[in-house]
Amino acid sequence: MYPGFKALPEYRDISARQFFTEVVPAQQPVVLRGFANHWPLVAAAKTSAMAFTAYLCRHYSGKKVTISAAPAQTDISADKRFYYNDDLTGFTFVSAEEKLDLFLQRLLALRDQDPVPALSMQSALTAEILPGLIDDNPTDFFPATQPRLWLGNQGVVDTHYDGTDNLACVVAGRRRFVLFPPAQTSNLYPGPLEFTPAGVPVSMVNLRNPDFERYPNFKTALTQGCCAELAPGDALFIPMLWWHYVESLDPVNGLMNYWWNGSFAADATSPNFLDSMKIAILAMRDLTPQQRSAWRCLFDHYLFKQGVDPASYIPAHQLHVLGDMSPEYIRAVKDYFIKKLHKLRVVQ
């Protein structure tokens, strides 16, 4: 890993009020050391891997979960990555349904073996598979947000972004995160929008073994990278659209995360941010550079409000989408775009 990455700011004993009034509005990543140290789940993990898996099994509902497996290979460019295959016709991993308790037993059995495949349960709704776990491990930061659980052994999730603010809490094992700000998007060479390993675009550059001849601008992105290693109980705030690479470092690891106020939130706007960007791309892809520049001025005015706010001079009853909208109007606009998106997907 690159030694030049910057360290992230760290907090201890931060309150929910301070987090949401000072940290989140700044939209800069920070580490919250010891955020979940009071959770029995974290205490079990600090005792042993067996104690951690036994604690999970006590809450297990019996529902099957989706498990992904990426083969261990000697080539570092492919080793334990949940990624594309070489020609982007498929992926390096396969997925199947399995009972959680059997999966946890397999993680324990593989601890002392080498090489082993990378195994992962990703983004499972905690309340569905482990009812009661949230009640035993509460946080006043997110009383109404359903957390998701990620479990596995050593593995790599390549550099990607989320359309939602994210608080990622490590509950077992260690994880290394490398983050890049949204301004580095072009230098990270984002991959396809429609064909992705996990629903969001991923960088085409292998962080551990970058091909600078093919991706020369990645050198610039590296100068802006930040890195943090988290232990059980630590959490990381990842603002929406910040690119992040995640490496699980131990044979048994777990993470519980909270997504809110964005495309993964329960009350997310439809169409979501990524769908909206696809619509804009389709609408403007054939414009000349001069025409795109002109449209950028309108986006800056209406959407990013980098000039005079329209609400300051247009009567409220004529603002429509620029102001407060009635539930009926919002529903009509959503229905219109959902139909448009459905037609696009049918055509594809």
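As a starting point, this report considers the structure included with it. A quick note: this is a predicted structure, and the numbers were derived from the prediction, not measured.

**A closer look at the pattern of salt bridges**
Argument step 1. For the structure shown, the criterion picks out 8 salt bridges.
Argument step 2. A salt bridge links Glu229 to Arg174, with the nearest nitrogen and oxygen atoms 3.2 Å apart. One end of the pair, Glu229, is in strand S11 (residues 226-230); the other, Arg174, is in the loop between strand S9 (165-172) and strand S10 (175-180), with 55 residues separating them in the sequence.
Argument step 3. A relative accessible area of 33% means that Arg174 is categorised as partly exposed.

**With respect to the packing of aromatic side chains**
Argument step 1. Scanning the entire structure with this criterion turns up 25 aromatic pairs.
Argument step 2. Centroid distance Phe35 to Trp39: 6.4 Å. Interplanar angle 80°. Geometry classified as edge-to-face. Trp39 carries the same exposure label as Phe35, and that label is buried.
Argument step 3. One aromatic cluster is present, built from ring pairs that chain together Phe19, Phe20, Phe35, Trp39, Phe141, Phe142, Phe237, Tyr258 and Trp260.
Argument step 4. Sitting over the ring of Tyr83, Arg81 keeps its end group 3.9 Å from the ring centre.
Argument step 5. Over the aromatic face of Phe212 sits the side chain of Lys219, whose NZ or CZ is 5.2 Å from the ring centroid.

**Points about the pairing of strand S6 (residues 118-125)**
Argument step 1. The sheet contact formed by strand S4 (residues 64-70) and S6 spans 4 bridges and is antiparallel. Of the residues in S6, the one forming a bridge with Ile67 is Met121.
Argument step 2. As paired elements, S6 and strand S7 (residues 148-152) share 4 bridges and run antiparallel to each other. Bridge pairing in S7 places Met121 opposite Leu151.

**Let's talk about the state of the cysteines**
Argument step 1. For the structure on display, the rule yields 0 disulfides.
Argument step 2. Here Cys227 is not cross-linked by a disulfide; its sulfur's nearest cysteine counterpart is in Cys226, at 8.9 Å.
Argument step 3. When its relative accessible area of 22% is taken as the criterion, Cys227 is described as partly exposed.

**Quick notes on the environment of Phe82**
Argument step 1. As for its placement among the helices and strands, Phe82 is situated in the loop between S4 and strand S5 (94-99).
Argument step 2. Through-space distance from the C-alpha of Phe82 to that of Gly4 is 26 Å; in sequence the pair is 78 residues apart.
Argument step 3. Sequence-distant contacts of Phe82, defined by excluding residues within four places in its chain, comprise Ser68, Ala69, Ala70, Thr92, Phe93, Ala118, Leu119, Ser120, Gln122, Gly155, Val156 and Pro197.

**Thoughts on a nonpolar patch on the surface**
Argument step 1. Taken together, the side chains of Trp295, Leu298, Phe299, Tyr302, Leu303 and Phe304 make up a nonpolar region of the molecular surface, amounting to roughly 610 Å² of accessible area.
Argument step 2. Looking at the element boundaries, Leu303 is found in the loop between helix H9 (289-302) and helix H10 (327-347).

**Looking at the sheet that holds S4**
Argument step 1. Strand order across the open sheet formed by 9 strands is S2-S3-S12-S9-S14-S7-S6-S4-S5, with mixed pairing between neighbours. The outermost strands of the open sheet, each flanked by one partner alone, are strand S2 (10-12) and S5. This sheet shows a mean twist of 25° between the axes of neighbouring strands, independent of strand direction.
Argument step 2. Across 6 bridges, the pairing between S4 and S5 is antiparallel. If you follow Thr66 over to S5, its bridge partner there is Glu97.

**Some words on unusual backbone geometry**
As a rule of thumb, non-glycine residues mostly have phi less than zero, and peptide bonds are mostly trans rather than cis.
Argument step 1. In this structure, Pro115 follows Asp114 across a cis peptide bond, with omega equal to 0°.
Argument step 2. One can find Pro115 in the loop between helix H4 (100-109) and S6.
Argument step 3. Although it is not a glycine, Tyr189 sits at a positive phi angle of roughly 55°.
Argument step 4. Structurally, Tyr189 is set in the loop between S10 and helix H7 (218-222).

Rules used throughout
Residues numbered from 1 in each chain as written. Predicted model: local features only at pLDDT ≥ 70, side-chain atom pairs only at ≥ 80, totals over all residues. Heavy atoms only, no water. Salt bridge = Lys/Arg side-chain N within 4 Å of Asp/Glu carboxyl O. Helix = DSSP H or I, 4+ residues; strand = E, 2+ residues; numbered from the N terminus. Buried < 20%, exposed > 50% of the residue type's maximum accessible area, 1.4 Å probe, protein only. Phe/Tyr/Trp six-rings, centres within 6.5 Å; stacked < 30°, edge-to-face > 60°. Lys NZ or Arg CZ within 6 Å of the ring centre and 35° of its normal. Pairing = 2+ DSSP bridges. Disulfide = S-S within 2.5 Å. Contact = heavy atoms within 4.5 Å. Patch = residues over 30% accessible without salt bridge, like charges linked within 9 Å, V, L, I, M, F, W, Y side chains within 5 Å. Areas by Shrake-Rupley, 256 points an atom, 1.4 Å probe, with all protein chains shown as cover. Axes fitted to C-alpha atoms, helices over the stretch in contact; angles between N-to-C directions.

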